[in-house]
Amino acid sequence: MAGIRLFNVHYVWEDCVSMGLGAVIVLTSWTVGDVGSQIVAINAVIVGLLVLALGAAEFLDLHRWEEGLETACGLWLIASPFIFGYADAGTLRYWHFVLGAAVFLLAVLELRQDWKLSSAELTRHSAR
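Just so it is clear, the model here is predicted, and its values are computed rather than measured. (Residues numbered from 1 in each chain as written. Predicted model: local features only at pLDDT ≥ 70, side-chain atom pairs only at ≥ 80, totals over all residues. Heavy atoms only, no water.)

Novice: What should I look at first to understand a nonpolar patch on the surface in this one?
Specialist: Taken together, the side chains of I39, W76, I83 and F84 make up a nonpolar region of the molecular surface, amounting to roughly 370 Å² of accessible area. Turning to its location among the elements, W76 is positioned in helix α4 (residues 64-83). (Patch = residues over 30% accessible without salt bridge, like charges linked within 9 Å, V, L, I, M, F, W, Y side chains within 5 Å. Areas by Shrake-Rupley, 256 points an atom, 1.4 Å probe, with all protein chains shown as cover. Salt bridge = Lys/Arg side-chain N within 4 Å of Asp/Glu carboxyl O. Helix = DSSP H or I, 4+ residues; strand = E, 2+ residues; numbered from the N terminus.)

The following block contains the structure:
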């Protein structure tokens, strides 16, 4: 039963992982040497900062819209190689696909955990 409870309660570590994923996304432009253009690097920095900020916002004050925006960021990062034209070359596409999928899956898990909570329960969670 403990494994089932893991998926039903929003834990602090999930917000910390979200912030860590955001930081890694920001750093991918510099750590992976095959950035095709400046726009690709700027996109990674913006998405990474958004994920980092949303994770911090969840850590401080929990709202459902934060997970919704994180889901969108994850999907955007997955689609970025196709939108910006670097889906056919380099390892950056793999990094962005994997990191985007991780952000998306974590956000969906958190959204599932918080979906049935009332406003009072969300507020109580935020007052850790």
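Novice: Just to check I follow, could you spell out the packing of aromatic side chains for this structure?
Specialist: Pairs of aromatic rings are described using the distance from one ring centre to the other and the angle between the two planes. All chains considered together, the criterion is met by 1 aromatic pair. Considering the side-chain rings of W76 and F84, the 6.1 Å spacing of their centres and the 80° angle between planes classify their relative orientation as edge-to-face. Since its relative accessible area comes to 36%, W76 is described here as partly exposed. (Phe/Tyr/Trp six-rings, centres within 6.5 Å; stacked < 30°, edge-to-face > 60°. Buried < 20%, exposed > 50% of the residue type's maximum accessible area, 1.4 Å probe, protein only.)

Novice: Can you walk me through the packing of helix α3 (residues 38-60) against α4 in this structure?
Specialist: The N-to-C vectors of α3 and α4 enclose an angle of 160°; their axes lie 10 Å apart at closest approach. Judged by the angle between their axes, α3 and α4 are roughly antiparallel. Remark: the crossing between α3 and α4 carries left-handed chirality. Facing N43, V47, L50, V51, L54, G55, A57 and E58 of α3, the residues of α4 in contact are W65, E66, E67, L69, E70, C73, W76, L77 and S80. Residue classes in the contact of α3 with α4 are distributed as 10 nonpolar, 3 polar and 4 charged. (Axes fitted to C-alpha atoms, helices over the stretch in contact; angles between N-to-C directions. Parallel < 35°, antiparallel > 145°, perpendicular 65-115°, else oblique. Left-handed = near helix turned anticlockwise from the far one by under 90°. Contact = heavy atoms within 4.5 Å. Nonpolar A, V, L, I, M, F, W, Y, C, P; charged D, E, K, R; others polar.)

Novice: Mind showing me how you'd approach α3 here?
Specialist: An α-helical segment advances 3.6 residues per turn. Residues three or four places apart therefore align on the same side. Between its first and last C-alpha, α3 extends 33 Å over 23 residues, near the 33 Å set by a 1.5 Å rise per residue. Buried within α3 are the following residues: V40, A41, N43, A44, V47, G48, V51, L54, G55 and E58. (Expected span 1.5 Å × (residues − 1).)

Note that every value here comes from positions in space, so none of it alone points to a role or purpose.
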